[in-house]
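Breakdown of the fold
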Amino acid sequence: MGTIFALATPVGQSPICVFRVTGQGCLTSLHEILDSDVDKARVFYKRSLVWQGSFVDTVGLVFFESPSSFTGEDSFEVYAHGSLPIMSKIVSVFEGCGFTEAGPGEFSLRAFKNNKISLVEAESINDLIRSGSSNEAAAISGVFSGRFESQINSLSERIDSLRVLVEGAIDFSDEDEDFESHLSAVLPELSLLLDDLVAFFGGFAFREEVFSRKKVVIVGPPNVGKSSIFNRLLGFERSIVSGVPGTTRDFITSGFLSGGFSFDLIDTAGLRITKDDIESSGISFAKKELKEADGVVIVVDHKTLGELDNLRETVVSCGVENIHVVLNKSDLEKPKSFPGHYVSALTGENFSKLRNALADLASDQPLDKNQSFLVRKRCSFLFESCVEHLKNAIGKLENDEFSEVVDIVAEDLRLCRSSLDEVVGKKLPDDVLGDIFSTFCIGK
Amino acid sequence: MSWVTFSPHFVLVSSYHPVESLFINFSISFYPQKIKIFLRVVYIAYTQVYFAIKFLVALVFRGLPTEKTSLITITINIYIFILLYKQMIFEFDAVVVGGGHAGYEAAHALHRKGLRAAMITLDKSKVGQMSCNPAIGGLGKTHLVREIDACGGIIAEATDLSGIQYRTLNSRKGASVQSLRTQCDRQKFAESIQKILQRTSIEIFEDEVVDLLIENQTVFGVEGIKRSYSAKTVILTTGTFLNGIMFYGDKQVEGGRHTEEASKKLAKRLSSFKLPMGRLKTGTPARIKTSTIDLSTMEEQPGETPTPQMSLREKAKHLPQISCFITRTNTKTHKIIAKNIQKSAMFSGKIKGIGPRYCPSIEDKVAKFPNKDSHQIFIEPEGLTVDLAYPNGISSSLPTKVQDEFIRTIKGLENCEITNYGYAVEYDFVDPRALRKTLELKNINNLFLAGQINGTTGYEEAAAQGMVAGINAAQKILNEEKVFFERSNSYIGVLVDDLTNHGVTEPYRMFTSRAEHRLMLSQDNAEQRLTKILYEKGFVDNKHLESFKSKELAYEIFVQENHKRKVKIGNQTKQLQEALKNPQINKQDLLTQLGSTDQTNFERFANQKKYEGYIKRQQAQIEKDKKNHKKPIPNSLKYEKIIGLSNEATEKLNQAKPETLGDAARLEGITPATISTISLEILKYEKTNYRKAKIKNES
Ligand SMILES: Cc1cc2nc3c(=O)[nH]c(=O)nc-3n(C[C@H](O)[C@H](O)[C@H](O)COP(=O)(O)OP(=O)(O)OC[C@H]3O[C@@H](n4cnc5c(N)ncnc54)[C@H](O)[C@@H]3O)c2cc1C
Ligand SMILES: Nc1nc2c(ncn2[C@@H]2O[C@H](COP(=O)(O)OP(=O)(O)O)[C@@H](O)[C@H]2O)c(=O)[nH]1
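Here goes a summary of the coordinates provided.

Rules used in this analysis
The residue count restarts for each chain, going from 1 along the sequence in the order it is written. Going through the entries in the order they are written, you letter the chains from A and number the ligands from 1. Residues qualify for local features only when their pLDDT is at least 70, as the model is predicted, and side-chain atom pairs are given and counted only at 80 or more; totals for whole chains, interfaces and linings, by contrast, use all residues. Note: side-chain values were computed over all heavy atoms of the structure, leaving out hydrogens and water. Comment: elements are numbered from the N terminus, with helices defined as DSSP H or I runs of at least four residues and strands as E runs of at least two. Categorising residues by exposure relies on relative accessible area from a 1.4 Å probe, with only protein chains included: less than 20% of the type maximum marks a residue as buried, more than 50% marks it as exposed, and the intermediate range marks it as partly exposed. A contact between two residues is defined here by any heavy atoms of the two lying within 4.5 Å. The Shrake-Rupley method, run with a 1.4 Å probe, gives the accessible areas here. Residue values count only the displayed protein chains as cover. For this description, a residue counts as near a given molecule or strand if any of its non-hydrogen atoms is within 4 Å of it. Polar contact is defined as a pair of N or O atoms within 3.5 Å, subject to the rule that within protein one atom must be able to donate a hydrogen and the other to accept it, and that residues adjacent in sequence are counted only when both atoms are side-chain atoms. Basically, the charged four are Asp, Glu, Lys and Arg, the nonpolar ten are Ala, Val, Leu, Ile, Met, Phe, Trp, Tyr, Cys and Pro, and anything else, Gly included, counts as polar. For two strands to count as paired, DSSP must find a minimum of two bridges between them. To get an axis, a line is fitted to the C-alpha atoms, and for a helix only the part in contact is used. The angle between two axes follows their N-to-C directions and goes from 0 to 180 degrees. Here a Phe, Tyr or Trp ring, Trp counted by its six-membered ring, pairs with any other such ring whose centre lies within 6.5 Å, and the pair is stacked when the planes are under 30 degrees apart, edge-to-face when over 60, and tilted otherwise. Note on geometry: a ring has a charge over it if NZ (lysine) or CZ (arginine) is within 6 Å of the ring centre and within 35 degrees of the ring normal. In this text, buried Ala, Val, Leu, Ile, Met, Phe, Trp, Tyr and Cys residues form a nonpolar core when linked through side-chain atoms within 4.5 Å. Should a side-chain nitrogen of Lys or Arg be within 4 Å of a carboxyl oxygen of Asp or Glu, the pair is scored as a salt bridge.

Take the overall build of chain A next. From N to C terminus, chain A includes 18 helices and 14 strands. Across the 444 residues of chain A, 53% fall into the buried class. Sequence separation of at least 24 residues holds for 66% of the intrachain contacts in chain A that already meet a minimum separation of 6. Element-wise, carbon and sulfur atoms account for 51% of the exposed surface of chain A, whose accessible area totals about 19200 Å².

Quick look at the structure:
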């Protein structure tokens, strides 16, 4: 895997910005870009960043050696001055070193691959970054701190110790060890386990329910500045990373932090929407996007002001209620009166108002105080299946002779265990046979 | 024809001659293989055939001048020479090295496919030898035996020909975890195997293989001490013989089994291939004269009646059945062992190989579980006619004097006579992760490994691998499709998958808990799972298929006739199929109510109902996987970008570039979890592509 880099702070004017770089062997590039070498990991250095003989910026720098880093690979962080020209200069320095820009979540991905974090942790890191409200962040960090995983582990261990007895009774019935006599302990422990499992699950809040992301779609005629607005709303000058602005013709979905809430913005760049189009099937995709939107931003400029009514009608016909009309390029010409926001994507005029207006779209349901973990919906199915299997096993044991149902109980315990594995996304070592051998005297 | 099969044995086996060995030893490094073979053939033709023909010609054409008779002699000679050439040079489709349990199943599979197989073994009389306890079957192991049987193999048949005590383990538990265990007459078992092999075209040679003939990473034969054998495929099943060392307390002897030589040259050759290899150990107890054991003081354990049978197909004619006996160690025994424990090869640190935890020596048990003051011992008869018993449970590598002492403290063994002492054997094995799922080595074409050489232990495990290797070698020779056993259709699949994916950390033995589809894989339904598949591949004969089909038909008729019949449970009346869902019912009573005596089909139906829900769930999953496995993997899919794939998996996938998910699933080291991750990724990938394409169309 090659070396990747990413800006760790949002793009925009700020005192400092931080770049993270990771990749095996990336530290060798350091002496190419620093005026003097650095030798100790985890120490803060002040250095000049130079590229091909010319000075770029005075920066702070810390490096980490594999495997003692977040990703498990060699990594370093650069603290530079937070101005856009410097940021883009640093980006080109990194590209010159042969580094590539990280995709979303790629740092966590590498950490996961190198076994530094579990899947739930990887997920919760992403959530943490995107979370807006503070109690959400707290619940997520419950997962991230490993508290969540250690609870799952202890549940898994308890299931395993029951499996030792049950599997032992099956595979070693011809042995000296009287497994059957241990089996009486299984039912009471199963009931306890079920109670604890249910209590543990009671502390979950599901991310998708608590905080469903709001979807905002930007529409408007070509060249009115939709992409520019999109970029500015994101606080993210895409020119740094993706070259020429206004050329994106794909739908871009991206997180958007505003007033502590998150959005997805969908830029239907260049799509001209007329009533005819909406009705013709060719455009059904855009229509579908509109129908799913919680809010729509219609952008026009002075030249296209005449199309506004038509556009609005179309959007309303798609059932959108929350509509914001924006007149862009106010730096060129100020409107006398306009029933909406007038802004300039170039200067940023009136953007804070626009941001606030959009923030109203989101309504965050507060978390229940007792809910200590915020997890994704996929976990809920897995937990439901855990409970179902345990209940099943208990039912069998209560009603039937143990030996008659021991194979079925074993199956339920196995399935329960593997659902728990799936939650953390890695197969926790299950050495039931090994445990049997170390606990009981087996073998002839 | 008789000439053809006769000649190699007559002419060649007996013709080990200094001159020939000169050819061989001299030629190994200097001549290309073909020339070497040619020279040998010339030599043999010259010495053996020429004189015989000359004599005959002279006899028949008594009146002719000598020049003419010589001409005739030479002409006939050349003719016969050409005729025999193919046979003489020992050109086989496959050479199986080893006549153990892996060896005979491998050779027999090749024979079933009509191929010419040679079996080379150190001692012909030991083909089919049981090196350890004289029993076949056990939990998980019986499943393997029945599966081999269902695929046309021979281990179950030999078991029934030699079985002297049958018992079903877990008889009170569910059908999927029941296992029939058979005590065999050790001698009879090997004889039965040898008899079965005699009925085939397999040629057995007594020789030690010392080298493999390899060119371009492809094996084309083996080099024995007596001669070389060329073959399209080679299957190595050398068991514990590779660099085997036996430990009798402080004494060490090189050898593979008691009184048998180790294979050192072959081991050296194998290690030159840079295969990942390791060392394991196993042990065996002393043997005792039955007539000197006081059986009257022990608990008798008779066999089951009526006597069941191992094979699902052949109706067996059983030998007379006898009992096993149970006795126990006591504190006195343990004291002696504890006092001498440092003298055990295991504890003195001489043995570096790892032994199986489920098969510990008695000194292991005493050391690890000091609180237990008694361990159970089964006294198992070695046969009907031999005065020998196998004390199952006191495997040991203590010095013989200590063994003498502690064995005599055991109740009933006070005055016993020990014929052989227990020992441990340490041997080389090849890390099975170096193998494909066909058991062919990844880095040497046409070379297959099977049996204990792959780090397993047990006859059943060895036999199963032997069959898999034999089948796939045959398929490869004939250029036919590989035969994969799946985790969902057999314990054989579990075995091969575990070995090739995870390797071994101790000698690998099968257990039912290793099979996640356990509820579907019972010892009774092996034929239903495998027979048809293997028939289609050509390893099961028509007769077997017909008998299987008629059993299936009988079952269908039984179900048809009975599933809706009303039966009484307490004061309720229910349909049979409903009644069977309640595990508490008295099955015998139901059968009487039905007025049927068809126990087999009734049990089968009852089990089907009992496990219905679970089996349906698993089946649905398997079907889903199957469909999923047909899915093509897009060329441009980047494995390193997929969250949830380990680096090892990514590397393997990038190397192998599987075309479908199924191909990926068959790679060694790729787990079901990995497959479902990739499958999700493909879905995502397809969605984005679909979106992109759509947008393109629209704009
Ligand atoms: C001392 C001992 C204790 C054991 N204890 C147990 C136990 O407790 N439980 C259990 O389940 N299993 C045990 N086993 C294992 C069981 O016997 C084996 O797993 C099984 O027999 C292996 O079968 P195989 O076909 O791989 O090899 P084997 O049956 O060992 O056959 C190997 C064959 O290869 C031949 N051979 C070897 N080298 C050469 C050569 N260079 N050229 C030609 N032929 C060669 C030999 O002649 C032999 O026929 C024990 C084995 C031994 C030796
Ligand atoms: N003067 C001025 N130009 C702008 C403003 N916003 C966008 N533009 C320019 O308008 C052109 C089209 O912008 P773009 O964002 O690509 O429009 P889109 O096609 O609607 O996505 C680009 O050349 C921008 O630089 C603005 O507020 N003021």
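Next comes the rest of the description.
We now examine the overall build of chain B. Tallying secondary structure elements over chain B gives 23 helices and 22 strands in all. Burial statistics for chain B: of 699 residues in total, 56% are counted as buried. Long-range contacts, defined as pairs at least 24 residues apart, comprise 72% of the intrachain contacts of chain B with a sequence gap of at least 6. When the accessible surface of chain B is totalled, it reaches about 31300 Å², and 55% of it is carbon and sulfur.

The next point concerns the site of ligand 1. Residue and element names in this part refer to chain B. With respect to spatial proximity, 35 residues lie near ligand 1, and among them Ala 102, Cys 132, Ser 263, Gln 452 and Gly 458 are the closest. His 101 is positioned such that a nitrogen or oxygen atom in its backbone is 3.0 Å from an oxygen atom of ligand 1. Ser 263 places a side-chain nitrogen or oxygen 2.5 Å from a nitrogen atom of ligand 1. Contact with the protein chains removes 97% of the 990 Å² of surface that ligand 1 exposes when unbound. Residue assignment for the shell around ligand 1 shows that the elements contributing at least two residues are helix H5 (101–112), strand S2 (117–121), strand S12 (277–284), strand S19 (423–430) and helix H13 (459–477). Ranked by the residues each element gives to the shell around ligand 1, the list is headed by S12, at 3 residues. By residue class, the composition of the shell around ligand 1 is 13 nonpolar, 18 polar and 4 charged.

The next point concerns the side chain of His 143 of chain B. Residue and element names in this part refer to chain B. One can find His 143 in helix H6 (residues 141–150). The exposure class assigned to His 143 is buried, which follows from its relative accessible area of 0%. Here the side chain of His 143 touches Ser 176 through a polar contact of 3.2 Å, landing on its backbone oxygen. Those residues in contact with His 143 that sit more than four places away from it in its chain are Ser 176, Gln 178, Ser 179, Tyr 491, Thr 512, Leu 521, Ser 522 and Gln 523.

Before going further, it helps to spend a moment on the sheet that holds strand S11 (residues 251–254) of chain B. All names here are of chain B. With respect to topology, 4 strands assemble into an open sheet ordered S11-S10-S19-S12, the strand pairing being antiparallel. Across the chains shown, the open sheet's two edge strands, defined by having one partner strand only, are S11 and S12. Averaged over all neighbouring strand pairs, the angle between strand axes comes to 25°, with direction disregarded. With 4 bridges joining them, strand S10 (residues 245–248) and S11 adopt antiparallel strand pairing. Directly across from Met 246, in S11, lies its bridge partner Val 253.

Here the focus is the packing of aromatic side chains. Per the stated rule, a full pass over the model turns up 10 aromatic pairs over all chains. Aromatic pair Phe 94 of chain A and Phe 99 of chain A: ring centres 5.7 Å apart, planes at 35°, arrangement tilted. Classification of Phe 99 of chain A by relative accessible area gives buried; the value is 5%. Pairing Phe 200 of chain A with Phe 383 of chain A gives two aromatic rings, centres 6.3 Å apart and planes at 85°, and the pair type is edge-to-face. With Phe 200 of chain A in helix H8 (residues 186–202) and Phe 383 of chain A in helix H16 (residues 377–399), this pair connects stretches of sequence that are 183 residues apart. One aromatic cluster in this structure is built from Phe 5, Phe 19, Phe 76, Phe 94 and Phe 99 of chain A. Positioned above the aromatic ring of Tyr 555 of chain B, the side-chain terminus of Arg 604 of chain B is 3.9 Å from the ring centre.

Here the focus is the side chain of Glu 527 of chain B. Residue and element names in this part refer to chain B. By the element assignment, Glu 527 lies in helix H15 (residues 526–536). Of note is the side chain of Glu 527, whose polar atom sits 3.0 Å from the side chain of His 544. Residues within four places of Glu 527 in sequence aside, it is in contact with Ala 150, Leu 312, Arg 313, Lys 532, His 544, Phe 548 and Lys 551.

Formed by 101 residues in total, the largest nonpolar core has its most connected members in Leu 110, Leu 212, Leu 236 and Phe 485 of chain B. Looking at this core, the element that brings in the most residues is H13 of chain B, giving 11 residues. Beyond its immediate chain neighbours, meaning those up to four positions away, Phe 485 of chain B contacts Cys 151, Met 467, Val 468, Ile 471, Ser 490, Ile 492, Gly 493, Leu 530 and Leu 534 of chain B. Grouped together as the second largest cluster of nonpolar side chains are 40 residues, Ala 169, Phe 172, Phe 402 and Val 423 of chain A included.

All names here are of chain B. One pass over the full model with this rule turns up 38 salt bridges over all chains. One salt bridge in this structure joins Asp 524 and Arg 146, with 3.3 Å as the shortest N-O distance. With a gap of 378 residues between them, Asp 524 in the loop between helix H14 (491–502) and H15 and Arg 146 in helix H6 connect regions that are remote in the sequence. Accessibility expressed as a relative area gives 42% for Asp 524, which makes it partly exposed.

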